[in-house]
Amino acid sequence: MKKRPQALSFELRSSKKPALGGGHPHNKAKRQHLATRWSEIAATSGAAAIVITNEVDDEALPIDDDFTYLENDYVLDSGIEKPDEGFLISCTCTECNSSEACSCIQASEAIDGAELTGSAYTQEGLFAFNVPSGLEVRECNKLCACKLEQCKNCMSQQPRDVAIEVFKKEQLSWGVRALVDIEMGKVLGVHTGLLIRRTKASAFREEDAFFCFDIDGDENIADPSASTPAHDQFTVYSKNYGNWTRFLNHSCTPNLKVYSCVHDTPPGHGMGFVSFVANQDIPAQTELMFDYDPLATEMVVYLAENGHGKGKKKRKAKASP
């Protein structure tokens, strides 16, 4: 999974200079109105509040007036439909904690024969960091016999219980942080927006491509010889639709990791979600950041291991304990 285009930072930058005096009350009221509205929308799915703060200047949040907040789902572009629910994988168990007990947590073949043997989540509801690159986590869904609000195999679907602050940074950009400490393995939410075909995104101008995130979690991008997947390829476009993850910035030493999961569509259809999980304990008020293109480092490793040069010593993007 990667942001597009790779050469751009995803930080939302402004040319505005700090306001003098008390600033414009309109912009402060606009920020407060957005925070209230977004929190109300998030609350409909049981999610915690969203706070928007600017202690640097008087800039309002740099989004279009028609931006629509989506806590945990996509809006589908015209001509795109979800597969029939009859194709969903479902389980009949009451405790989903192993592949032997739950048909949703079955060993899945991934690139190079890698497998997920067991649940992607611990019994405490934390990400287990055992998911190979190129593998979608198959979560339980509404057709399963288990109770989704209690199931440990659907953590990306659980309501976000961490309050999020979108804040203005000193470097003329906006970022995201949490108002409480976050435990390593805590799943914070999914990336949302307008789901479009990747061919459409490829034709975007640079300023629009800035808001694109390819859904390629089940693709072996690290292997240049890998074939194109049989399913349609999709991109999430978050300019006019999205949630707080839209404001996450890039870091080469991130405290968040992304992984691909699927629950409301069958696996292998390219419509999974990108989930964000803490890859370390994160103190409150620490900016949340992730690597926009983790497979770029994996590509270096792949080329080195397959005789295409010496490569460089870089962090592998595959999940590690």
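Since we're looking at a predicted model, the values are computed, not measured.

A closer look at the overall build of the chain
Right, so step 1: A tally of helices and strands in the chain yields four helices and 16 strands.
Right, so step 2: Once local pairs closer than 6 in sequence are excluded, the contacts in the chain between residues at least 24 apart make up 74%.
Right, so step 3: If you sum the accessible surface of the chain, you get close to 15300 Å²; carbon and sulfur atoms cover 50% of it.

What to know about the pairing of strand β15 (residues 273-278)
Right, so step 1: Across the six residues that make up β15, a large majority, six, are buried.
Right, so step 2: Burial along β15 is two-sided: the residues F273, S275 and V277 and V274, F276 and A278 are all buried.
Right, so step 3: The pairing of strand β8 (residues 187-190) with β15 spans three bridges and is classified as antiparallel. When the sheet's bridge partners are listed, V190 is paired in β15 with S275.
Right, so step 4: In this sheet, β15 lies alongside strand β14 (residues 256-262) in antiparallel orientation, the contact comprising six bridges. If you follow S260 over to β15, its bridge partner there is V274.

With respect to the environment of S39
Right, so step 1: The topology assignment puts S39 in helix α1 (residues 25-43).
Right, so step 2: Taking the C-alpha atoms as reference points, S39 and E71, separated by 32 residues in sequence, lie 9.4 Å from one another.
Right, so step 3: When sequence neighbours within four positions are dropped, the list of residues in contact with S39 reads A49 and I50.
Right, so step 4: At 2.8 Å, the side chain of S39 and the backbone oxygen of A35 are in polar contact.
Right, so step 5: From its side chain, S39 meets the backbone nitrogen of I50 in a polar contact 2.8 Å long.

Observations regarding the pattern of salt bridges
For side chains bearing opposite charge, pairing can occur when the charged atoms are close.
Right, so step 1: Enumeration over the complete set of coordinates arrives at 17 salt bridges.
Right, so step 2: A salt bridge links D232 to R197; its shortest N-O distance comes to 3.6 Å. Of the two residues, D232 sits in the loop between β10 (212-215) and β11 (234-237) while R197 sits in strand β9 (residues 193-197), which places them 35 residues apart along the sequence.
Right, so step 3: We note a salt bridge from R198 to D214, for which the minimum N-O separation is 4.0 Å. Taken as a pair, R198 in helix α2 (residues 198-202) and D214 in strand β10 lie far apart in primary sequence, 16 residues in all.
Right, so step 4: A relative accessible area of 11% means that R198 is categorised as buried.
Right, so step 5: According to the relative accessible area criterion, D214 is buried, its value standing at 1%.
Right, so step 6: Residues joined by salt bridges that share partners form a network here, namely R205, E207, D208 and K239.

Brief notes about unusual backbone geometry
Glycine aside, residues mostly have negative phi angles, and peptide bonds mostly take the trans form.
Right, so step 1: In the Ramachandran plot, F129 falls in the positive-phi region, its phi being about 55 degrees despite a non-glycine side chain.
Right, so step 2: Tracing the backbone through its elements, the reader meets F129 in the loop between β4 (74-76) and β5 (137-138).
Right, so step 3: For F129, a relative accessible area of 8% translates into the label buried.
Right, so step 4: Despite not being glycine, Q285 has its phi angle at roughly 70 degrees, a positive value.
Right, so step 5: Mapped onto the secondary structure, Q285 falls in the loop between β15 and β16 (289-290).
Right, so step 6: With a relative accessible area of 41%, Q285 lands in the partly exposed category.

A closer look at the sheet that holds β5
Right, so step 1: Taken together, the four strands give an open sheet; going across it, the order is β5-β14-β15-β8, and neighbouring strands pair in mixed fashion. On the outer flanks of this sheet lie β5 and β8, each paired with one strand and no other.

Describing the sheet that holds strand β7 (residues 174-178)
Right, so step 1: Read across the sheet, three strands follow the order β2-β6-β7 without closing on themselves; strand pairing throughout is mixed. Of all strands in the sheet, those with a lone pairing partner are β2 (50-53) and β7, marking the two edges. This sheet shows a mean twist of 25 degrees between the axes of neighbouring strands, independent of strand direction.
Right, so step 2: Taken together, the four bridges between β2 and strand β6 (residues 164-168) define a ladder with parallel strand orientation. Within β6, the position partnered with T53 by the bridge is F167.

Considering empty space enclosed by the protein
Right, so step 1: Here the structure, examined in full by the defined rule, presents four cavities of 30 Å³ or more.
Right, so step 2: There is about 110 Å³ of room inside the largest cavity.
Right, so step 3: Forming the boundary of the largest cavity are 14 residues, of which E71, S156, Q158, R160 and G189 lie nearest the centre.
Right, so step 4: In terms of residue class, the lining of the largest cavity is built from six nonpolar, six polar and two charged.

Reading guide: rules and limits
Residues numbered from 1 in each chain as written. Predicted model: local features only at pLDDT ≥ 70, side-chain atom pairs only at ≥ 80, totals over all residues. Heavy atoms only, no water. Helix = DSSP H or I, 4+ residues; strand = E, 2+ residues; numbered from the N terminus. Contact = heavy atoms within 4.5 Å. Areas by Shrake-Rupley, 256 points an atom, 1.4 Å probe, with all protein chains shown as cover. Buried < 20%, exposed > 50% of the residue type's maximum accessible area, 1.4 Å probe, protein only. Pairing = 2+ DSSP bridges. Polar contact = N/O pair within 3.5 Å; in protein donor to acceptor, adjacent residues only side chain to side chain. Salt bridge = Lys/Arg side-chain N within 4 Å of Asp/Glu carboxyl O. Axes fitted to C-alpha atoms, helices over the stretch in contact; angles between N-to-C directions. 1 Å grid on protein atoms, 1.4 Å probe; cavity = no way out; pocket = protein on both sides within 12 Å on 5 of 7 lines; lining within 4 Å. Points joined across faces, edges and corners; volume = space filled by probe spheres on them. Nonpolar A, V, L, I, M, F, W, Y, C, P; charged D, E, K, R; others polar.

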